[in-house]
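Fold and geometry: a report
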There are 2 protein chains.
Amino acid sequence: MSKKHTDPTPSQAGSADGPPALPVPRGRTTLGMVAQRAGVSPSTVSRILNGTANVSPVKRALVERTIQELDFRPDPMARSLAGGRTMSVGVLTQFIDSPFYGEALRGIEDQLHPANYSPLFVSGHWNEAEETSRVALLQERKVDGLIVLTGRLSDAALLELAKALPVVVTGRRLSADNLYSLDYDNEEGMRLAVRHLHALGHRQIAFISGPLDHPDAQARMDGFRGEIQTTEPGYDPDLVVIGDFQESGGFRAMGLLLQSGRLFSAVIAANDQMAYGARLALHRAGLRVPEDVSLVGFDDLLYSAYTLPPLTSVRQSVYEVGQTAARAMLDLLARRTPPSKVIPAELVVRESTRMVRR
Amino acid sequence: MSKKHTDPTPSQAGSADGPPALPVPRGRTTLGMVAQRAGVSPSTVSRILNGTANVSPVKRALVERTIQELDFRPDPMARSLAGGRTMSVGVLTQFIDSPFYGEALRGIEDQLHPANYSPLFVSGHWNEAEETSRVALLQERKVDGLIVLTGRLSDAALLELAKALPVVVTGRRLSADNLYSLDYDNEEGMRLAVRHLHALGHRQIAFISGPLDHPDAQARMDGFRGEIQTTEPGYDPDLVVIGDFQESGGFRAMGLLLQSGRLFSAVIAANDQMAYGARLALHRAGLRVPEDVSLVGFDDLLYSAYTLPPLTSVRQSVYEVGQTAARAMLDLLARRTPPSKVIPAELVVRESTRMVRR
DNA sequence: TTGTACGCGTTATCAA
DNA sequence: TTGATAACGCGTACAA
């Protein structure tokens, strides 16, 4: 009789006290209460919850009904303490408000939520030390898995992590047990851009690169260089300038290009943001896009369809990358082998490119 | 002698095995181990950690040193289970990749982290039911506090929540114990925009509103209407059209405006994204900005400085909103009263507006 | 000021 | 198949 929680007034929701009232943080139904009410032991309830062992169909049904009635949901914290899952997966991104990776976050969220997992977002700011400490934080929080969006962690560090928990990493080609890597095809995307311009008759193609210590930037640069080398005048280092993946960097880079006096009829920016900056610089210099120079971006941000002129850009659905990463994580978590999948790059031709002027 | 964890090999970090190796998830140092090593009771360690009671300076120093040596960090889960804090605060936003609220998330993150709190981001998608369920999820996860970025929860729901945990809301004017609300001044911002245009001689000013069931949209609409009513021709309902806060909606809205045959020399869009769409529609119609029509946006997104022409827009530092909200939360958590602060709106004049043509 | 003992809600081990 | 029982790591009455 001295039990603490007795008669836990089930389902008292939906009374007539106003609109969608928040489910009253009821005196917290516990697993023990369910067990008691169903007349079974706590272990049995736990087993049913986790599918840890076989339970007789009758008891299972009974317990499941009771769970419904009491609207019982296991406490993630208690679960974690006891060595179970936290139903959360850590997501290491670089800036929480990145227009590029942002879509990936949404993809992850959209996939994880229906599976009852919660993403835990942390930002590494493109700084290895910071990434390392954020990942440590995630481990403290006992995430069940870790999704790493590119970033600067070493392959070795990732491999090491994969020994402790399932890891999904994008922007890399790595192979290991408990580790799934998902590389989008930066090189191919860049090749597409070069070929497009080439087909339009452009021969002097300038390139605004991202910072080369940035994995995406390096890959895109490789793609550009590789493809351009197979064409007419070949690769010309004077036609490439390094930016910082920001609008301002693109602006400055274009300024440099213009100053250099080198001629070019087209420009590829390693990302859309730099393309925006470059476009403004061209405008300031009295040059029109695409009449005077063609411009190609990379990423196909949402805005790019609405810039003036609408920007031709290389698209690799980052949203899809996020979704795929999350699904792979779910697979890993369920001890299934995720299907390998490549996110294709695709060129979206709009109005910033046209046939070279003769 | 049958203790489980003995001699927990302290600080084995920084050996010569490669670059910034991840701090080996050591066999987890526990509070008990600290206590044992320092020769005090676990409770004493706990008290020092939480400042729960007075401890003699000598023991305190000793324990603190031991904590350093062992690199001990309390387990958030265990802490939560035992009724302590989780050192996490829930953040309800609407879309994790919103270009507008994204900056706020960064502001929150930047403030919370140094204080050792982790944000837990969830998205409500402008859907009251979803917001409610996400908040419930946050409560399950036992967040210490809750930051709500605008959204559709009722004031009543918020007030109810504030009884259970500290709450900070933006985009609202609410007052209650344990609740801090932070309203940015949409109305004033809109007034600024109208006055600017008016000063340039514009009299026929069209307005592209956001969806009116959206709090920000309503406030901005109110601001526009209020100010325009005090001027020359007054408020003309035919000159306002409802958009959806997206580029595409701005595009369509401008199309409608153009079709209507009504004359106007300037347009205000309730947010930058719609301004982008409107600008493209104007372009398609052969109208130039600002030569033929002046255009003003709202939010001053990062891109707006790089659009063609650079967009005149109303700025209210969302980053600052995030920071302020987070600081207020920290205050609430520490049982201090947050200073009331208003985030001022400011007009950033660029090149999309000019004197009306006569 | 300090220590002991218990409880938080769950999972895991071991018997039965 | 099921049920006790012991952790998990920490906070906190309560006692000393």
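What you see is a predicted model, and the numbers here were worked out from it, not measured in a lab.

Reading guide: rules and limits
Residues numbered from 1 in each chain as written. Chains lettered and ligands numbered in written order. Predicted model: local features only at pLDDT ≥ 70, side-chain atom pairs only at ≥ 80, totals over all residues. Heavy atoms only, no water. Core = buried A, V, L, I, M, F, W, Y, C linked by side-chain atoms within 4.5 Å. Buried < 20%, exposed > 50% of the residue type's maximum accessible area, 1.4 Å probe, protein only. Contact = heavy atoms within 4.5 Å. Near = heavy atom within 4 Å. Polar contact = N/O pair within 3.5 Å; in protein donor to acceptor, adjacent residues only side chain to side chain. Helix = DSSP H or I, 4+ residues; strand = E, 2+ residues; numbered from the N terminus. Nonpolar A, V, L, I, M, F, W, Y, C, P; charged D, E, K, R; others polar. Buried area = accessible area lost by both parts, 1.4 Å probe. Salt bridge = Lys/Arg side-chain N within 4 Å of Asp/Glu carboxyl O.

1. Brief notes about the nonpolar core
- With 92 residues, the main nonpolar core has A:Ile208, A:Ile268, B:Ile208 and B:Ile268 as its most contacted residues.
- When residues no more than four places from it in sequence are discounted, the contact partners of A:Ile268 are A:Met190, A:Ala193, A:Val194, A:Leu197, A:Ile205, A:Ala206, A:Phe207, A:Ile208, A:Phe224 and A:Val296.
- Counting residues in each nonpolar core, the second largest holds 56 residues, with A:Ala325, B:Ile96, B:Ala328 and B:Met329 among its members.

2. A word on the protein's contact with DNA strand C
- A:Leu31, A:Ala82, B:Ser43, B:Thr44 and B:Arg47 are the nearest of the 25 residues found near DNA strand C.
- Expressed as a percentage, the sugar and phosphate content of the atoms of DNA strand C within 4 Å of the protein is 65%.
- In this structure, a base nitrogen belonging to DNA strand C sits 3.4 Å away from a main-chain N or O atom of A:Ala78.
- Those elements that place two or more of their residues in the surface near DNA strand C are α2 (42-50) and α4 (76-81) of chain A together with α2 (42-50) of chain B.
- Across the surface near DNA strand C, the residue classes break down as ten nonpolar, ten polar and five charged.

3. Thoughts on unusual backbone geometry
All names here are of chain A.
- Cis geometry marks the peptide bond from Leu308 to Pro309; its omega dihedral reads -10°.
- As for its position among the elements, Pro309 is in the loop between β9 (294-298) and β10 (312-315).
- Of note in the backbone geometry, Asn116 takes a positive phi value of approximately 70° without being a glycine.
- By the secondary structure assignment, Asn116 is in the loop between α5 (101-112) and β2 (118-123).
- Its relative accessible area of 58% is what places Asn116 among the exposed residues.

4. Some remarks on the interface of chain A and chain B
- Listed by partner, the interface residues are 61 residues for chain A and 62 residues for chain B.
- Counting each side, the surface lost to burial between chain A and chain B is near 5,500 Å², with a carbon and sulfur contribution of 61%.
- Where chain A packs against chain B, one counts eight salt bridges.
- A salt bridge links B:Glu140 to A:Arg73; its shortest N-O distance comes to 2.9 Å.
- Counting every contact that joins chain A to chain B gives 19 residue pairs in polar contact (both at pLDDT 80 or more).

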